[in-house]
Amino acid sequence: MRDYRLRTIAACIIILLAFMASACSSSQTTLYSTTANSPGVHMIDNGMLDAYQSIAIHDGWEFYWNRFIMPGEFNNEADTIVNLPSSWTKYNIDGKSVPGQGYATFRTVIKTPDDEALAMRIWKIGTASRVYVNGKLMLESGKPGMHREDSIPGYNRTLLIVHPQDKQIELVIHASNFHHSRGGIRERIEIGRTRKIRNLVYSNATIEILAIGVLLMIVLYHFLLFLANRSRTELFWFALFSLAIFIRLFTDCSEVLFIITSQVKWEWYVLADYLTLIFTPYLFFLFLTALYPHRFGRTEKITLTVDAAILATIVFLSEPYIFSAQNNIIMLNFALIGCYLLFKIIRAILAKEAFSRYIGAGLLILFSFGIHDIMVSLGLLRSVYMLHTG
């Protein structure tokens, strides 16, 4: 019976990680500025639109700091030309770094082959924004403002149908941030044929619905097994670990899940995002200590418990703009615990512990996704978050 349950847990780890790898993926190319002499102008053709599901508009955005400029009123040069996605704390104006809190205008122009309607996917913009397409307000997330008092944070993730005018799309975004340590457009903006983008949305939604069902079954299955035999604490910890992954699907993914989480208060959304990032590796540690208790000493258990408690307390007791500033520390904590657990599971594999190879393979994949997200968060890699992290 024990071997059967271990096989079940190993299979569940592989299923969990398979969904993490696929839930937010898409086929896309990167769209750069056409020439250095025309910053903020992009050009797409029918060949690109036909070849790819979506085109990410990454480089060559005009950036105007501490200014909300309405469409049709761009008379001055931009403060700088920036690349997306990125926090605006990575930008420099006149040799000075842009602070995390403030407000700004982003602008770019997309030249299209004709006036056929296209679809555009807008992801999270931190932490409040308005999106104008060819002078028309198309989307508002929260309430962007020039001061904290008149700004309300909010995320949105939606599909827009945009109509070029004279083979051109002007995209203007007003963004403000007074509630998080980092502001700006920190996730990709995509454009493509309406049919292809919709198919992409539908396929992602299908994967997410399936992921919700499978994760719920995994959580309930292991909770019920634990209730039937409470001495098997590894079942309890694995159920909680699966639950943490389930919650991260809601904080880090899109489509169907975002329709649900869009009704959640922004502060709770961010709180869940950071807490699951802290507790995911810790819960996996508890799962391994229950499975291989002889490989973990009392000092190790106390150290990691105190570590998780300190980080969770900071998140619980402080405002988002304070605890989000500890993002790099939390990411580093994840990496260090991951390395430690990999070391332990490798020793278990060498000792030929039961099913250690399967669990080691799952942990390696999970850890790889975590390192990937750390590189994305630090701006070292341009990609989407894979840990359904953020």
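What you see is a predicted model; the values in this text were computed from it and never measured.

Counting its secondary structure elements, the protein chain contains 10 helices and 14 strands. When the 390 residues of the protein chain are sorted by exposure, 56% land in the buried category. When contacts within the protein chain are restricted to residue pairs at least 6 apart in sequence, those whose partners lie at least 24 apart make up 76%. If you sum the accessible surface of the protein chain, you get close to 17100 Å²; carbon and sulfur atoms cover 60% of it.

Considering all chains together, one arrives at 23 aromatic pairs under this definition. Ring geometry for Y155 versus Y269: centroids 5.6 Å apart, planes at 75°, classification edge-to-face. Residue Y155 is located in the loop between strand 11 (136-141) and strand 12 (158-162), and its partner Y269 is located in helix 6 (residues 266-291); the two are separated by 114 residues in the primary sequence. Its relative accessible area of 15% is what places Y155 among the buried residues. The class of Y269 is buried, set by a relative accessible area of 6%. An aromatic cluster of three or more residues is present, and its members are F63, W65, W88, Y91 and F106. A cation sits over an aromatic face here: R107 above F74, 4.9 Å from the ring centre.

Next up on the list: empty space enclosed by the protein. This structure, assessed with the given rule, holds five cavities of 30 Å³ or more. Here the second largest cavity is characterised by a volume of approximately 60 Å³. Contributions of two or more residues to the lining of the second largest cavity are made by helix 6, helix 9 (327-350) and helix 10 (356-377). Here the lining of the second largest cavity takes four residues from helix 9, the largest share from any one element. Grouping the constituent residues of the lining of the second largest cavity by class yields seven nonpolar, two polar and no charged.

Now for the side chain of H42. As for its placement among the helices and strands, H42 is situated in strand 2 (residues 41-43). Of note is the side chain of H42, whose polar atom sits 2.8 Å from the side chain of T108.

Turning our attention to helix 6. For helix 6, with 26 residues, the first-to-last C-alpha span of 37 Å sits near the 38 Å given by 1.5 Å per residue. Roughly 30° is the biggest bend found in helix 6, and it falls at F279, with proline P281 one to four residues downstream.

Turning to its location among the elements, R130 is positioned in strand 10 (residues 128-133). Given the relative accessible area of 19%, R130 is considered buried. Polar contacts involving the side chain of R130 include one to the side chain of E140, which spans 2.9 Å. If sequence neighbours within four positions are ignored, R130 has contacts with L137, L139, E140, K143, P144, V172, I173 and H174.

Our focus in this paragraph is the nonpolar core. Grouped together as the largest cluster of nonpolar side chains are 52 residues, with contacts concentrated most on F284, F285, L288, L341, I345 and I359. Mapped onto this core, the elements with two or more residues apiece are helix 3 (194-228), helix 4 (233-252), helix 6, helix 7 (298-317), helix 9 and helix 10. The greatest single-element share of this core, amounting to 16 residues, is contributed by helix 6. If near-sequence neighbours (up to four positions away) are discounted, L341 is found in contact with P281, F284, F285, L288, F296 and L363. In this structure, F63, F106, L118 and I125 belong to the second largest nonpolar core, which totals 32 residues.

Let us look at the pattern of salt bridges. The full count for this structure, using the stated rule, is 12 salt bridges. Residue R193 pairs with D50 through a salt bridge whose shortest N-O separation is 3.0 Å. On the criterion of sequence distance, the pair formed by R193 in strand 14 (residues 189-193) and D50 in helix 2 (residues 46-51) is long-range, its members being 143 residues apart. Assessed through its relative accessible area of 12%, R193 is described here as buried. Where E62 meets R107, a salt bridge forms, and the shortest distance between an N and an O atom there is 3.1 Å. One end of the pair, E62, is in strand 4 (residues 61-65); the other, R107, is in strand 8 (residues 102-111), with 45 residues separating them in the sequence. You can call E62 buried: its relative accessible area is 11%. Exposure remark for R107: the relative accessible area of 17% places this residue in the buried category.

Let us look at unusual backbone geometry. Along the chain, L84 connects to P85 via a cis peptide bond; the corresponding omega equals -5°. Mapped onto the fold, P85 is located in the loop between strand 5 (80-82) and strand 6 (92-93). Cis geometry is found at the peptide bond from G126 to T127, where omega equals -10°. Note that T127 resides in the loop between strand 9 (118-122) and strand 10. With phi around 55°, D166 is a residue other than glycine that occupies positive phi space. Residue class for D166 comes out exposed when judged on its relative accessible area of 73%. Although it is not a glycine, F355 sits at a positive phi angle of roughly 60°.

How each quantity is defined
- Residues numbered from 1 in each chain as written.
- Predicted model: local features only at pLDDT ≥ 70, side-chain atom pairs only at ≥ 80, totals over all residues.
- Heavy atoms only, no water.
- Helix = DSSP H or I, 4+ residues; strand = E, 2+ residues; numbered from the N terminus.
- Buried < 20%, exposed > 50% of the residue type's maximum accessible area, 1.4 Å probe, protein only.
- Contact = heavy atoms within 4.5 Å.
- Areas by Shrake-Rupley, 256 points an atom, 1.4 Å probe, with all protein chains shown as cover.
- Phe/Tyr/Trp six-rings, centres within 6.5 Å; stacked < 30°, edge-to-face > 60°.
- Lys NZ or Arg CZ within 6 Å of the ring centre and 35° of its normal.
- 1 Å grid on protein atoms, 1.4 Å probe; cavity = no way out; pocket = protein on both sides within 12 Å on 5 of 7 lines; lining within 4 Å.
- Points joined across faces, edges and corners; volume = space filled by probe spheres on them.
- Nonpolar A, V, L, I, M, F, W, Y, C, P; charged D, E, K, R; others polar.
- Polar contact = N/O pair within 3.5 Å; in protein donor to acceptor, adjacent residues only side chain to side chain.
- Expected span 1.5 Å × (residues − 1).
- Bend = angle between axes of the 7 residues up to and from the residue.
- Core = buried A, V, L, I, M, F, W, Y, C linked by side-chain atoms within 4.5 Å.
- Salt bridge = Lys/Arg side-chain N within 4 Å of Asp/Glu carboxyl O.

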